[in-house]
Amino acid sequence: MPSLLEALERKYFAECEFENANQPELHKRSDLPNDFTVTKCGGRMEFSIFIPRLSPLTSVPELLVLNDCDIDCAGNFESIREKCQRVRELDLAQNKLQDWQEVFNILKHMPRIEFLNLSKNQLMSPASALQAAPTVNLKNLVLNGTYLDWMCVDALLQNLPVLQELHLSLNNYRAVLLDAAQEEAEAESERCNNCQCVPQTHSDKTEAEVETETETETCCNLCQANRKLTRAHPTLKTLHFTGNPIEHWQEICRLGRLFPSLESLVLAECPIKSLQPATAASSATTELDSASESHKYFPHLKLLNLSCAQLNSWADIDELAKYSQLQNLRVKHWPLWETLECTEHERRQLLIARLPNVSMLNGGGKISVDERVDAERAFVRHYMDKPESERPSRYAELLAVHGKLDPLVNINLKPEKRIKVVFTYNDVSESRFVDIYLTVNDLKIKLEKLINLAPNKMRLYYLDQDYKEHGPEEMKFPNKRLYSYNLQSGDEIIIDAKK
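Once a new chain begins, its residue numbering starts again from 1 and follows that chain's sequence as written. Where local features are concerned, this predicted model is filtered to residues with pLDDT of at least 70; where side-chain atom pairs are given and counted, the filter is 80 or more; whole-chain, interface and lining totals use all residues. No hydrogens and no water enter the side-chain calculation; it runs on all heavy atoms of the structure.

1. What to know about the overall build of the protein chain
Move 1: For the purposes of this entry, the term helix denotes a DSSP run of H or I that reaches at least four residues, the term strand denotes a run of E that reaches at least two, and both are numbered from the N terminus. What the protein chain contains, in helices and strands, is 15 helices and 20 strands.
Move 2: When the 499 residues of the protein chain are sorted by exposure, 41% land in the buried category.
Move 3: Expressed as a percentage of contacts within the protein chain between residues at least 6 apart in sequence, the contacts between residues at least 24 apart total 72%.
Move 4: For accessible areas, the Shrake-Rupley method is used with a probe of radius 1.4 Å. Any residue's cover is judged against the shown protein chains and nothing else. For the protein chain, the accessible area works out to roughly 27700 Å², and carbon and sulfur atoms hold 48% of it. With a 1.4 Å probe rolled over the protein chains alone, any residue whose accessible area is under 20% of its type maximum counts as buried; one over 50% counts as exposed, and the rest are partly exposed. The criterion used for residue contact is that any of the two residues' heavy atoms lie within 4.5 Å.

Right under this line is the structure:
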């Protein structure tokens, strides 16, 4: 497998060649420019121009991309320093690097580097190997799909004092085994039931020993023993945590304590089940107080992505309203949206009204003043006729602002979607509801089950109940929708078998 230096030289330091170097009988002529030559070809004279390829680089560009090159080591460090003196961004994703010390030696010899992508490298060396690593001025580190354990992550953070953006997506984290607040860690140690941590393994113990231990030692105790109390990292502003199977918001709160200056947090495709305080009877009072004030761990959070979470309650949205600095929110593909009997526009209005601080929702443009006012008034009307017990606290706030509103007149100019039509076949008539947005061919397919006649063997005729004297009209066009025939409830469709 090649070293980083070999892959770099292969990509950027090829020898200079000339396009016409091997052509025979090249002659200079004094009446032509220096880069023109003449070639004798039979009775003709052909002119050629020397086009040199790009000369070898003395150093590589600021963005160095060497992903998927099977790199397993660095190579000669002095050559790396000489050739990579301009490099600011280094992409080494999908390589074969395993030794963290090798990675830090690479960074040491690229003094200007600020961005490093190590995604999908199996960096398996223990955290102890990082304790003596040099301090590096990285600002952006990508570790997606590396499956690093939390002790290794902590050791890395200790050596990256100016790190501003960290990517830990797709690492199969089920719990956060780092914390930065002593009082919160002590409060959790009192909790023995309702465990939210990763099941621990006992590879060095017999089954009998494990069974004996389970009587006195809970999963929480084991997880508490494995969780490390460390110092916070106030320089980190952005954390990408997509695709990790974490379900409990208390685990995410630890990230807030670990990174107190966090401004952007991406939790897309994390199956979080609730943002509300734990309500289990076994939970300690201190934990309830902590969970109910989880927003205090994210005082600077401006962007939050919770798309594809397993959240199913409006109360979770009300929790998000407590984040005073939150401006940009993504909450797509929640199970909650599938249960609502409203349009996408109405759902957006309900969301905007509940989130007074959010100025950008699910991407797109900024929420305008007019859109917010319309959403708040629609919110008041939506809950106006509902029982007091179903009204959220936000209703009283908006009622004080907009007052009691008259309900809007509902004018629906759309045609009915389903109507009752009489179907007649072989002198037998039956009334059935039919979707008028079906095509003629779709209707034939549905009728096949009713009369046991193949669609290509039947003809349909439409008979308007108000103009029966004009006779039926054949429905000839298979892709024509039923509403285009001006079907009304009570009209008749006659089914005839082809001869």
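Structure shown, so let's carry the discussion forward.
2. Description of the sheet that holds strand E13 (residues 303-305)
Sheet strands pair by backbone hydrogen bonding; their relative direction is either parallel or antiparallel.
Move 1: One requirement defines pairing of two strands: DSSP has to find at least two bridges between them. Strand order in the open sheet formed by 10 strands is E4-E5-E6-E7-E8-E11-E12-E13-E14-E15, with parallel pairing between adjacent strands. Of all the strands in the sheet, just strand E4 (63-65) and strand E15 (360-361) have a single pairing partner and so form its edges.
Move 2: With 3 bridges connecting them, strand E7 (residues 140-142) and strand E8 (residues 165-167) associate as parallel partners. Bridged to Leu141 within E8 is Leu166.

3. Here's the deal with the packing of aromatic side chains
The geometry of an aromatic ring pair comes down to the distance between the two centres and the angle between the two planes.
Move 1: Each Phe, Tyr or Trp ring (for Trp, its six-membered ring) is paired with any other whose centre lies within 6.5 Å, and the angle between the two planes then decides the class: stacked below 30 degrees, edge-to-face above 60, tilted in between. Taken as a whole and judged by the stated rule, the model has 11 aromatic pairs.
Move 2: Aromatic side chains Trp150 and Tyr173 sit 4.5 Å apart centroid to centroid with 35° between the ring planes, which places their arrangement in the tilted category. Remark: Tyr173 occurs in the loop between E8 and strand E9 (178-179) and Trp150 occurs in helix H4 (residues 150-158); sequence separation between them is 23 residues. Tyr173 shares its class with Trp150; the two are buried.

4. Digging into the environment of Val422
Move 1: Assignment of secondary structure puts Val422 in strand E16 (residues 418-425).
Move 2: With relative accessibility at 22%, the residue Val422 sits in the partly exposed group.
Move 3: Sequence separation of Val422 and Asp491 is 69 residues, and the distance between their C-alpha atoms is 6.3 Å.
Move 4: Filtering out sequence-adjacent residues up to four positions away, Val422 remains in contact with Ser429, Glu430, Ser431, Gly490, Asp491, Glu492 and Ile493.

5. A look at the pattern of salt bridges
Move 1: What makes a salt bridge here is a side-chain nitrogen of Lys or Arg within 4 Å of a carboxyl oxygen of Asp or Glu, nothing more. According to the stated counting rule, one finds 16 salt bridges in the structure shown.
Move 2: Glu114 is the partner of Arg88 in a salt bridge, and the nearest nitrogen-oxygen pair spans 3.3 Å. In this pair, Arg88 sits in the loop between helix H2 (77-83) and strand E5 (89-91) while Glu114 sits in the loop between helix H3 (100-108) and strand E6 (115-117), placing the two residues 26 residues apart along the sequence.
Move 3: Judged by relative accessible area, Arg88 falls into the partly exposed class, the value being 27%.

6. A closer look at the packing of helix H12 (residues 344-354) against helix H13 (residues 369-384)
Move 1: For helices, the fitted line uses only the C-alpha atoms of the stretch in contact; every axis is such a line through C-alpha atoms, and the angle between N-to-C directions lies from 0 to 180 degrees. Put simply, H12 and H13 touch, their axes get as near as 8 Å, and they point 100° apart. With respect to H13, the axis of H12 lies roughly perpendicular. Along its contact with H12, which presents Arg348, Gln349, Leu350, Ile352, Ala353 and Arg354, the element H13 presents Glu371, Arg372, Asp374, Ala375, Glu376, Ala378, Phe379, His382 and Tyr383.
Move 2: Put simply, Ala, Val, Leu, Ile, Met, Phe, Trp, Tyr, Cys and Pro go in the nonpolar bin, Asp, Glu, Lys and Arg in the charged bin, and everything else, Gly too, in the polar bin. Of the residues that constitute the contact of H12 with H13, the class distribution is 7 nonpolar, 2 polar and 6 charged. Here is the rule for angles: anything less than 35 degrees is roughly parallel, anything more than 145 is roughly antiparallel, 65 through 115 is roughly perpendicular, and the remaining ranges are oblique.

7. A short note on helix H8 (residues 249-258)
Move 1: For H8, the tally of buried residues reaches 10 of 10 residues, placing the bulk of the element in the interior.
Move 2: Taken residue by residue, H8 has Trp249, Gln250, Glu251, Ile252, Cys253, Arg254, Leu255, Gly256, Arg257 and Leu258 as its buried positions.

8. With respect to the pairing of strand E18 (residues 458-463)
Move 1: Within E18, 5 of the 6 residues are buried, which leaves it mostly tucked inside the rest of the structure.
Move 2: Looking at chain direction, E18 and strand E20 (residues 492-497) are connected through 6 bridges and run antiparallel. If you follow Met458 over to E20, its bridge partner there is Ala497.
Move 3: As judged from the 2 bridges shared by E18 and strand E19 (residues 473-474), these two strands associate in the antiparallel manner. Counted as the bridge partner of Tyr461 is Glu474 from E19.

9. Some thoughts on the sheet that holds E16
Move 1: Ordered by their spatial adjacency, 5 strands build an open sheet running E17-E16-E20-E18-E19, and the pairing between neighbours is mixed. The sheet is open, and its two borders are formed by strand E17 (428-435) and E19, each paired with just one other strand.
Move 2: Against the sheet, helix H15 (residues 440-451) contacts E16, E17, E18 and E20, and its axis sits at roughly 110° relative to E18.

10. So, the pairing of E16
Consecutive side chains along a regular strand alternate between the two faces of the sheet.
Move 1: Relative to E17, E16 runs antiparallel, the two sharing 8 bridges. Paired with Thr424 across the two strands is Ser429, which belongs to E17.
Move 2: Between E16 and E17, which pair antiparallel in sequence order, lie 2 residues; one of them, Asn426, sits at a positive phi of approximately 55°.
Move 3: As paired elements, E16 and E20 share 4 bridges and run parallel to each other. Counterpart to Thr424 in the pairing with E20 is Ile494.

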